[in-house]
Amino acid sequence: MAVRSGGHGRARDGSVVGWRFAATPDGSAAESPRGDLPAFDQVCGKEPAASGHQRVAVVVDFGDAETDAYPGEQPPAALTRCVSGAEGATGVDLLALAGRVRAEGSGAVLAVNDYPARAKGGSEVAAAPSEPAEGGLPVLWIAGGAGAAVLLAGGVLVARRSRGRATL
């Protein structure tokens, strides 16, 4: 199984990353994704990415049954998704946001969404969190901090009132 892609490097916000599968022992017969890749705006629209994120259109061409699939297997329809990942995410990281990815330790992709079924081994690539790697505190931490501040202020107020009554 081979995958041809520019996806092992770092993708940039506003780019289209294309993947193509081919059932070849060394990947030598694999081609680039068929046809023209869609424009980024067609897949992701025009809304900008959130701070610390990048939006990338991911296209997976699973090939055709005659030349790219194992005998007897029928490739699924192409997968096209807009994903939002942390700035600096690799193509494999972004692919994992678009579907279930199994890869070898070297980063070579073996299967996407369990295709091809014959591709065994590897381990599932965890999708990177969609929150920025840096900046901004999570909402629960902010809410927890605000709640603690209210309790602390209430405790101080009660203590002062108790102290004032004790001296009268």
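The structure displayed is predicted, hence computed values, not measured ones.

Colleague: I'm lost on the nonpolar core in this one. Help?
Modeller: For soluble globular proteins, the rule of thumb is that nonpolar side chains tend to be buried together. Core analysis: the biggest nonpolar cluster contains 23 residues, and Trp19, Val58, Val60, Leu95, Val109 and Val112 have the highest contact counts within it. Sorting elements by how many residues they give to this core places helix H2 (residues 91–98) first, with 5 residues. Here Val58 is in contact with Val17, Trp19, Leu79, Thr80, Arg81, Val83, Leu94, Leu95 and Ala98, once residues within four sequence places are set aside.

Colleague: Mind showing me how you'd approach the packing of aromatic side chains here?
Modeller: The relation between two aromatic rings is expressed through the spacing of the ring centres and the mutual angle of the planes. By the definition in use, this model includes 3 aromatic pairs. Aromatic pair Phe21 and Phe62: ring centres 5.4 Å apart, planes at 15°, arrangement stacked. Separated by 41 residues along the polypeptide, Phe21 in strand S2 (residues 16–22) and Phe62 in the loop between strand S3 (53–61) and strand S4 (79–86) bring together distant segments of the chain. Look at Phe21 and you get buried, because its relative accessible area is 1%. Between the aromatic rings of Phe62 and Tyr115, the centroid separation amounts to 5.6 Å while the plane-to-plane angle is 90°, which identifies the pairing as edge-to-face. Here Phe62 is found in the loop between S3 and S4, whereas its partner Tyr115 is found in the loop between strand S6 (109–112) and strand S7 (123–124), with 53 residues between them in sequence. There is no split in this pair, since Phe62 and Tyr115 are both buried. Pairwise contacts between aromatic rings join Phe21, Phe62 and Tyr115 into one cluster.

Criteria and thresholds
Residues numbered from 1 in each chain as written. Predicted model: local features only at pLDDT ≥ 70, side-chain atom pairs only at ≥ 80, totals over all residues. Heavy atoms only, no water. Core = buried A, V, L, I, M, F, W, Y, C linked by side-chain atoms within 4.5 Å. Buried < 20%, exposed > 50% of the residue type's maximum accessible area, 1.4 Å probe, protein only. Helix = DSSP H or I, 4+ residues; strand = E, 2+ residues; numbered from the N terminus. Contact = heavy atoms within 4.5 Å. Phe/Tyr/Trp six-rings, centres within 6.5 Å; stacked < 30°, edge-to-face > 60°.

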